[in-house]
Structures are given as structure tokens and as C-alpha cells.
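# Residue-level structure breakdown
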Amino acid sequence: MVVGEPARRRRRLRVAGIAALAALALSGCEGVTRGYLPPVVSDSGQLVTDLWIPSWIAVLAVGAVTWGLMLYAAVRFRKRKGDETLPVQLRYNVPMEMLYTIIPVFMVAVFFYYTARDEARLVSTSTKQDLTVSVVAKQWSWDFNYIDSNVHETGVHTELDGTEGKRAQMPVLYLPVNKRVEFVLNARDVIHSFWVPAFMMKMDMLPGKTNKFQLTPTQVGTFQGKCAELCGAYHSQMLFMVKVVPQAEYDQEMARLRSIGQEGLIPVNVSREEMVPGDIEKIPAPARTGSNQ
Ligand SMILES: [Cu+2]
């Protein structure tokens, strides 16, 4: 059959359109080279990215082969005009069954090995840390105790309602860049979860149990932090900011906290009646300087 000029042009246009869309999807989103993960700003983020990208490529390759075979089978063995008989029905094809048992088990084993290896690294606290920050979660905000500097920050939950300046009310966690931080996590009331999405690391905070992890922020910047465990009516307002700054700026912040009277550490076991958010003076003085772990 001779294809007419308009039909050929339409087909060419369609192919060009698909190619343009594919190019846009690949080049327009710079995230594609990172598997749509955010930029790396911590060593944990690097570890997660290095695990994610090969996994994503491997899974896509398996998907492409599987979809390709399905499509091939659907087209090649489709019912044609005049086909009245059923094709040969196969069952108990032992080599085939072994193949589709062994290959998926092998793939899962490989994923399991690398995931378990990297998870162990993410939660390892065997390295000597440069500083320790004890984070106490409470309905619905955060207390940050800078153990080494013996100062603290205490927050009140912040409702982001679109008005200017609300972000400034969030508690801010300062961290020096390229220093290994050990986070000591405790909850004062119910289960919460400490999450800084940019760091690609998150850990639950349980009343009566101390969880720990370490991380090195590798980029100066301001990042968002939030609670990742539904913890009550104002869970969505349990927000904080993280400022990763040069050491000198971090030291200035420690001095500032001391100068405004936020010396000492806020223990975990302060009752909520004593702990009026943002009103440190109501905490009995001995409790304020008590041990935090
Ligand atoms: Cu919470």
C-alpha cells in the first residue's frame, strides 16, 4: 500500500512530538540523574542516593524487559482472522518455572544485601562524633539541647497559615557544616519522628526509649524539619528549621543562646504542666540543668 503524503506527514509529526516529550521529560527535570531525589546535603543523603540510583536503573531494566516480552507476546501471538483453534496449551514447563523462581529470588537477595548493608551504615553510631544534640519531641514542637555547649533551644508549634513571618517563629536547629553530629532522640509524651527531608534520614522518637543516629551535614544552607509520625491534633504544625552554618556562626549562636538565658539542658522528663512551651522560667531550676539522657 502506498502511504499518502498527508498520512506520512502526520506520522512524522507524531514521532517528533513523542521524541520532544521524552527529551523534555529527561532534560527538563534535572532530578532524573538523581532518580528524583533531592540534592545531596549530608553523608547519609549520599549513601541513600548511591543505593537508590543503581536500584532504580536495575528495576527499570527489569521492567523494560518484562513489558517488552509481554508486548511481544501480545502482538506476535494475537488472535488473527480465521483463527478458530486454541493455541497449544503448555503446563508444567519445569525449566521455565525454575527460571522465573530463581531470577526473582536472586534479584530480591541482591536488593536485600545492599539495603541491609547501607541501613546498618546509616544507623551506626560507632564513629566518634564532633558534637551531640539531644532532641526532645513534644506535642507539638521541639527542644534542642546542645550537650557540648550546655545550652538549649525550645520551640512552640507553628501554624503556617500563609501570613508573613510565621516561618520565623519555628524553632531553629543550628549545625556546623562538615562536623559529625550525634542526634539523641527522645519523646516527652507520645511517639514522634525526627525528619529532615533534605538529609534523607528520619528516625522515630519513642517515650521511654532513646534512639540515636549520626550524620554529617556537608552543605551550608537552611532546610526544613518536621515530625513524621501522626502525633495528635497539631501534628502538621510540628515544624522546625535546620541551619547548617560554618563553625564560627555556630559558635555565635551558642553564645547567643547563653546570653538570652537559655543555659542548661531541658530534660526529657519535665511534665507538660511544668513545661509551658516557650516559657523556660516555669521549669524548676534544678530540672533545667539536669541530665538529659
Ligand atoms: Cu510529632
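Residues numbered from 1 in each chain as written. Predicted model: local features only at pLDDT ≥ 70, side-chain atom pairs only at ≥ 80, totals over all residues. Heavy atoms only, no water.

### So, the packing of helix α2 (residues 43–76) against helix α3 (residues 94–122)
Under the convention used in this document: Axis definition: a line fitted to C-alpha atoms, limited for helices to the stretch in contact. Angles are taken between N-to-C directions and run from 0 to 180 degrees. Going along the chain from the N terminus, every DSSP run of H or I of four or more residues is numbered as a helix, and every run of E of two or more is numbered as a strand. Roughly parallel refers to an angle under 35 degrees, roughly antiparallel to one over 145, roughly perpendicular to one between 65 and 115, and oblique to any angle outside these ranges. Residue contacts follow a heavy-atom distance rule, with two residues in contact if any of their heavy atoms lie within 4.5 Å. Lys, Arg, Asp and Glu make up the charged group, whereas Ala, Val, Leu, Ile, Met, Phe, Trp, Tyr, Cys and Pro make up the nonpolar group; the residues left over, Gly among them, are polar.
Between α2 and α3, the least distance of the axes is 10 Å, while the angle of their chain directions is 170 degrees. In terms of their interaxial angle, α2 and α3 are classed as roughly antiparallel. Contacts between α2 and α3 pair Ser-44, Leu-47, Val-48, Leu-51, Ser-55, Ala-58, Val-59 and Val-62 from the former with Met-107, Phe-111, Tyr-114, Thr-115, Asp-118, Arg-121 and Leu-122 from the latter. Looking at the contact of α2 with α3 residue by residue, the classes come out as 10 nonpolar, three polar and two charged.

### Looking at the sheet that holds strand β7 (residues 201–205)
Across a sheet, strands are paired by hydrogen bonds formed along the backbone, either parallel or antiparallel in direction. The test is simple: Pairs of strands are assigned from DSSP output, requiring at least two bridges between the strands.
What the five strands build is an open sheet, ordered β4-β10-β9-β6-β7; its pairing is mixed. Both outer strands of the open sheet, β4 (172–176) and β7, are each paired with one neighbouring strand and no more. Across this sheet, the average inter-strand angle for adjacent strands is 20 degrees, counted without regard to direction. Looking at chain direction, strand β6 (residues 192–196) and β7 are connected through five bridges and run antiparallel. For His-192, the partnering residue across the bridge sits in β7 and is Met-205.

### Focus on a nonpolar patch on the surface
As a reminder, the rule being used: Patches here: salt-bridge-free residues with over 30% relative accessible area, like charges joined within 9 Å, nonpolar side chains (Val, Leu, Ile, Met, Phe, Trp, Tyr) joined within 5 Å. Surface accessibility follows the Shrake-Rupley procedure with a 1.4 Å probe radius. Residue values consider only the protein chains on display as shielding. Basic side-chain nitrogens of Lys or Arg form a salt bridge, by our definition, when they fall within 4 Å of a carboxyl oxygen of Asp or Glu.
Taken together, the side chains of Met-96, Leu-99, Tyr-100 and Ile-103 present a nonpolar region at the surface, about 420 Å² in accessible area. Mapped onto the fold, Met-96 is located in helix α3.

### Quick notes on the nonpolar core
As a rule of thumb, nonpolar side chains are buried together in soluble globular proteins. Convention followed: Side-chain atoms within 4.5 Å are what join buried Ala, Val, Leu, Ile, Met, Phe, Trp, Tyr and Cys residues into a set we call a nonpolar core. Exposure classes here rest on a 1.4 Å probe applied to the protein chains alone. A residue is buried below 20% of its type maximum, exposed above 50%, and partly exposed in between.
Among the nonpolar cores identified, the biggest contains 43 residues, and Trp-142, Tyr-146, Leu-173, Phe-183 and Phe-194 are the most heavily contacted of them. Counting residues per element, this core draws most heavily on strand β10 (residues 239–245), which supplies six residues.

### Section: the coordination of the copper ion
For the record, the criterion: With water excluded from the atoms, a metal site may look incomplete; its donors are any N, O or S atoms within 2.8 Å, or within 3.2 Å for Na, K and Ca. Square planar and octahedral sites, with four and six donors, are those where opposite donors lie more than 155 degrees apart and all other angles lie between 65 and 115, tetrahedral sites have four donors with every angle between 85 and 135 degrees, and the rest are irregular.
The protein atoms donating to the copper ion are His-192 (ND1), Cys-227 (SG), Cys-231 (SG) and Met-238 (SD), with metal-donor distances spanning 2.1 to 2.6 Å. For the copper ion, the four donor atoms in the first shell make angles of 89 to 124 degrees at the metal, a pattern classed as tetrahedral. Each donor residue of the copper ion lies on one chain, and together they are spaced H-x34-C-x3-C-x6-M. Taken together, the positions of Cys-227 in strand β9 (residues 221–227) and Met-238 in the loop between β9 and β10 put the pair 11 residues apart, joining distant regions of the chain. With relative accessibility at 6%, the residue Cys-227 sits in the buried group. Residue Met-238 is classed as buried on the basis of its relative accessible area, which comes to 0%.

### Digging into α2
Put simply, the rule reads: A helix's residues, less one, multiplied by 1.5 Å, set its expected span.
Helix length check: α2 (34 residues) gives 49 Å between terminal C-alpha atoms against 50 Å at 1.5 Å per residue, within 8%. What α2 keeps buried is the set Ser-44, Gly-45, Thr-49, Ser-55 and Gly-63. Buried residues belonging to α2 abut α3, β7 and β8 (211–215).

### Points about the pairing of strand β3 (residues 151–154)
Remember that side chains alternate between the two faces of the sheet whenever the strand is regular. The alternating pattern of β3 places Val-151 and Glu-153 on one face and His-152 and Thr-154 on the opposite face, and all of these are buried. Inspection of the sheet shows strand β2 (residues 141–146) paired to β3 by four bridges, in the antiparallel sense. When the bridges of β3 are listed, Phe-144 appears paired with Glu-153. Counted along the chain from β2 to the antiparallel partner β3, the turn is four residues long, and its residue Asn-150 has a positive phi close to 55 degrees.

### What about the pairing of β9?
Across two bridges, β6 lies against β9 in antiparallel orientation. If you follow Phe-194 over to β9, its bridge partner there is Cys-227. Pairing between β9 and β10: six bridges, direction antiparallel. Residue pairing across strands places Phe-223 opposite Val-242, the latter belonging to β10.

### Thoughts on the side chain of Lys-138
We count it as follows: Within 3.5 Å is the distance limit for a polar contact, defined as a pair of N or O atoms, with the added protein rule that one can donate a hydrogen and the other accept it, and that residues adjacent in sequence qualify only through two side-chain atoms.
Considering the arrangement of structural elements, one finds Lys-138 in strand β1 (residues 131–138). Residue classification places Lys-138 among the buried positions, given a relative accessible area of 4%. A polar atom in the side chain of Lys-138 sits 2.7 Å from the side chain of Asp-143.

### A short note on the sheet that holds strand β5 (residues 181–187)
Taken together, the five strands give an open sheet; going across it, the order is β3-β2-β1-β5-β8, and neighbouring strands pair in mixed fashion. Strands at the two margins of the open sheet, each flanked by one partner only, are β3 and β8. Within the sheet, the average angular offset between the axes of one strand and its neighbour, ignoring direction, is 20 degrees.

### Focus on the packing of aromatic side chains
Applied cut-off: Ring geometry is summarised as follows: Phe, Tyr and Trp rings, the Trp one being its six-membered ring, pair when their centres sit within 6.5 Å, and such pairs are stacked at plane angles under 30 degrees, edge-to-face over 60 and tilted between the two. Should the NZ of a Lys or the CZ of an Arg lie within 6 Å of a ring centre and within 35 degrees of the ring normal, that charge is described as sitting over the ring.
Inspection of the entire model under this criterion finds 14 aromatic pairs. Both rings, one in Trp-142 and one in Phe-194, keep their centres 5.9 Å apart while their planes meet at 80 degrees; by these two values the pair is edge-to-face. One end of the pair, Trp-142, is in strand β2; the other, Phe-194, is in strand β6, with 52 residues separating them in the sequence. Residue Phe-194 is classed as buried on the basis of its relative accessible area of 1%. Linked through ring pairs, Trp-142, Phe-144, Phe-183, Phe-194, Phe-213 and Phe-240 together constitute an aromatic cluster. Seen from the ring of Trp-195, Lys-202 lies directly overhead, with NZ or CZ sitting 5.5 Å from the centre.

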